[in-house]
Amino acid sequence: MATLYLVLLTLHNLNRWLILIAGIWTLIRSVPGASGGRTFTPADRRPVVMFMGSLHLQVVLGLLLFAFMGMQNIPVFAGAPRTSFQWEHLGLGLIAAVFGTLASVQARKAPTDPSKFRAATLWTALSLLTILLAIPWWRPLLRFFTQ
């Protein structure tokens, strides 16, 4: 079971970087288009969908980790600066996923191209800010199969 824990933790950690890269890519594509004058193309939609998909994967991995640690009586976030951090991390992760989903849905359903870019920019920026608040910065930034 320890191997499963390390695999889940490593995937959760590596996916965090995919999320941050996809979020920054989304902002790079959407911020210039928010002022108008550009058409919202499939190339502009691709990073938004990738960002949302990687956020959903992160939530699934996080919930699996949370459940696995609970079943094994492993303390969640041992050494955290606050005992409440595990709940903050869980709650902020879910909120970030909701914001990422709103970025995708609103960018798809908005009536005009500038409003699609604005929706993608707003919700992605809010999601990234929430993610940055949820990251346990005291832990190793990149971990490969280590606790």
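The model shown is predicted, which means the values in this text are computed figures rather than measured ones. (Residues numbered from 1 in each chain as written. Predicted model: local features only at pLDDT ≥ 70, side-chain atom pairs only at ≥ 80, totals over all residues. Heavy atoms only, no water.)

Q: Run through the overall build of the protein chain, naming residues and quoting values.
A: A count of helical and extended segments in the protein chain gives four helices and zero strands. For the protein chain, the α and β elements follow one another from N to C terminus as α-α-α-α. Projected onto its principal axes, the C-alpha positions of the protein chain cover 55 × 25 × 20 Å. Expressed as a percentage of its 147 residues, the buried residues of the protein chain come to 41%. Within the protein chain, counting contacts between residues at least 6 apart in sequence, those at least 24 apart form 81% of the total. Carbon and sulfur atoms form 73% of the exposed surface of the protein chain, whose accessible area is close to 7,900 Å². (Helix = DSSP H or I, 4+ residues; strand = E, 2+ residues; numbered from the N terminus. Buried < 20%, exposed > 50% of the residue type's maximum accessible area, 1.4 Å probe, protein only. Contact = heavy atoms within 4.5 Å. Areas by Shrake-Rupley, 256 points an atom, 1.4 Å probe, with all protein chains shown as cover.)

Q: Provide a residue-level description of the nonpolar core, including the pertinent values.
A: Ranked by size, the top nonpolar core spans eleven residues in total: Tyr5, Leu6, Leu8, Leu9, Leu61, Leu65, Phe68, Met69, Val76, Phe77 and Phe85. Listed by contribution, the elements that provide at least two residues to this core are α1 (2–30) and α2 (42–71). Counting nine residues, the second largest nonpolar core, distinct from the first, contains Ile19, Leu20, Leu128 and Ile135. (Core = buried A, V, L, I, M, F, W, Y, C linked by side-chain atoms within 4.5 Å.)

Q: Could you give an account of the side chain of arginine 16, naming the residues involved and the relevant values?
A: With respect to the helices, strands and loops of the structure, arginine 16 is situated in helix α1. No salt bridge is formed by the buried arginine 16; its nearest oppositely charged neighbour, glutamate 88, is found at 14 Å. Look past the residues within four positions of arginine 16 in its chain and what remains in contact with it is Gln58, Ile135, Pro136, Pro140 and Leu141. (Lys, Arg positive; Asp, Glu negative; His and termini not counted. Salt bridge = Lys/Arg side-chain N within 4 Å of Asp/Glu carboxyl O.)

Q: Which residues make up the packing of aromatic side chains, and what values do they have?
A: Under the criterion given, the structure shown has seven aromatic pairs. Between the aromatic rings of tyrosine 5 and phenylalanine 68, the centroid separation amounts to 6.1 Å while the plane-to-plane angle is 15°, which identifies the pairing as stacked. Here phenylalanine 68 lies in helix α2 and tyrosine 5 lies in helix α1, a separation of 63 residues in the sequence. With respect to burial, tyrosine 5 and phenylalanine 68 carry one shared label: buried. Joined through ring pairs, the aromatic side chains of Phe77, Phe85 and Trp138 make up one cluster. (Phe/Tyr/Trp six-rings, centres within 6.5 Å; stacked < 30°, edge-to-face > 60°.)

Q: Before we move on, could you go through the UniProt feature "transmembrane region" (unreviewed entry) in the protein chain and cite the residues and values that matter?
A: Those residues carrying the UniProt feature "transmembrane region" (unreviewed entry) are residues 6–28, 48–69, 89–107 and 119–138 in this numbering. In this annotation, residues 6–28 is assigned 100% helix and 0% strand; the end-to-end C-alpha distance for the span is 33 Å. Split by type, residues 89–107 is 100% helix and 0% strand. Its first and last C-alpha atoms lie 27 Å apart. (UniProt positions renumbered as here; feature names shortened; annotations may be inferred.)

Q: Let's hear about the pattern of salt bridges: which residues, and what values?
A: Taken as a whole and assessed by the stated rule, the structure comprises three salt bridges. A salt bridge links aspartate 44 to arginine 38, with the nearest nitrogen and oxygen atoms 2.6 Å apart. If you follow the salt bridges from partner to partner, you end up with Arg29, Arg38 and Asp44 in one network.

Q: For the side chain of threonine 121, give the residues involved together with the corresponding values.
A: Its place among the elements puts threonine 121 in helix α4 (residues 113–134). Looking at threonine 121, its side chain comes within polar contact range of the side chain of serine 30, at 2.9 Å. Among all residues touching threonine 121, those that are not within four sequence positions of it are Leu27, Ser30, Val31 and Ala34. (Polar contact = N/O pair within 3.5 Å; in protein donor to acceptor, adjacent residues only side chain to side chain.)

Q: So what's going on with the environment of glycine 23? Which residues, and what values?
A: Among the structural elements, glycine 23 can be located in helix α1. The exposure class of glycine 23 is buried, given its relative accessible area of 0%. Separated by 32 residues in the primary sequence, glycine 23 and leucine 55 have C-alpha atoms spaced 9.8 Å apart. Setting aside residues up to four positions removed in sequence, glycine 23 forms contacts with Phe51, Thr124 and Leu128.

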